[in-house]
Amino acid sequence: MQQISDYELELMKTIWSNDGSALYAEIVTALSAKGLNWTKNTIITLLSRLIDKGLLKTNKIGHRNRYTAIVSADEYQSSQTETFLDKIYEGNAKDLVATLIQKDLLSASDYDDLKKHWQTITADTLSDK
């Protein structure tokens, strides 16, 4: 999956938070609510780039465009996490987690939650077999 800029990501987050689809006016309203008062040209350019990158599609509704995410937030996060892990930690998730713990970015409570989540996933996987 292609990398996107921080501004493009902000647009995608806006669309994802609107059930994966939004009209231009809804996008502008959501951005304004976040204090992001981008020009029309900036928004249209960024939306066009996201379409070109295969993350969005557009449908005409009268004179308006509805922008729909082709990639879900979960799919994008998963892809970017894998890219980051490969690029920075050569695919070694253990080193990533160690760094998070060492830098106090992952609390003991977070770690316990992750262990419980892992146990649930493992149990579910085994029960499916």
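Residue numbers run consecutively from 1 along every chain, following the written order of its sequence. Only residues with pLDDT of 70 or above have their local features reported here, since the model is predicted, and side-chain atom pairs are shown and tallied only from 80 upward, although totals for entire chains, interfaces and linings are computed over all residues. Working from all heavy atoms in the structure, the side-chain values ignore hydrogens and water.

Q: Describe the sheet that holds strand E2 (residues 56-61), and please don't skip the residues or the numbers.
A: Only when DSSP finds a minimum of two bridges between them are two strands counted as paired. Secondary structure is summarised from DSSP: a helix means a run of H or I of at least four residues, a strand means a run of E of at least two, and numbering begins at the N terminus for each. An order of E1-E3-E2 is seen for the 3 strands of this open sheet, with the pairing classed as antiparallel. Two strands in the sheet have a free side with no partner beyond their single neighbour: strand E1 (21-23) and E2. When the angles between neighbouring strand axes are averaged without regard to direction, this sheet yields 25 degrees. With 3 bridges connecting them, E1 and strand E3 (residues 64-69) associate as antiparallel partners. Within the sheet, the bridge partner assigned to Ser21 lies in E3 and is Thr68. Residue contacts are defined here by distance: any two heavy atoms, one from each residue, within 4.5 Å place the two residues in contact. To define axes, lines are fitted to C-alpha atoms, for helices over the stretch in contact only, and angles between the resulting N-to-C directions are given on a 0 to 180 degree scale. Packed onto the sheet, helix H2 (residues 24-33) meets E1 and E3 and runs at close to 95 degrees relative to E1. Docked against the sheet, helix H3 (residues 40-52) engages E2 and E3, running at close to 120 degrees with respect to E2.

Q: Which residues make up the side chain of Gln80, and what values go with them?
A: Position of Gln80 among the secondary structure elements: in helix H4 (residues 73-89). If sequence neighbours within four positions are ignored, Gln80 has contacts with Met1, Gln2 and Gln3.

Q: Residues and numbers for the layout of surface pockets, please.
A: Taken as a whole, the largest pocket spans an internal volume of roughly 270 Å³. Looking at the lining of the largest pocket, the elements that each hand over two or more residues are helix H5 (93-102) and helix H6 (108-128). The element best represented in the lining of the largest pocket is H6, accounting for 6 residues. Cavities and pockets are defined on a 1 Å grid built over the protein atoms alone: a cavity is a set of grid points where a 1.4 Å probe fits but cannot escape, while a pocket is an open set with protein on both sides within 12 Å along at least five of seven lines, and lining residues are those with an atom within 4 Å of any such point. Grid points are joined across faces, edges and corners, and a volume is the space filled by probe spheres set on the points.

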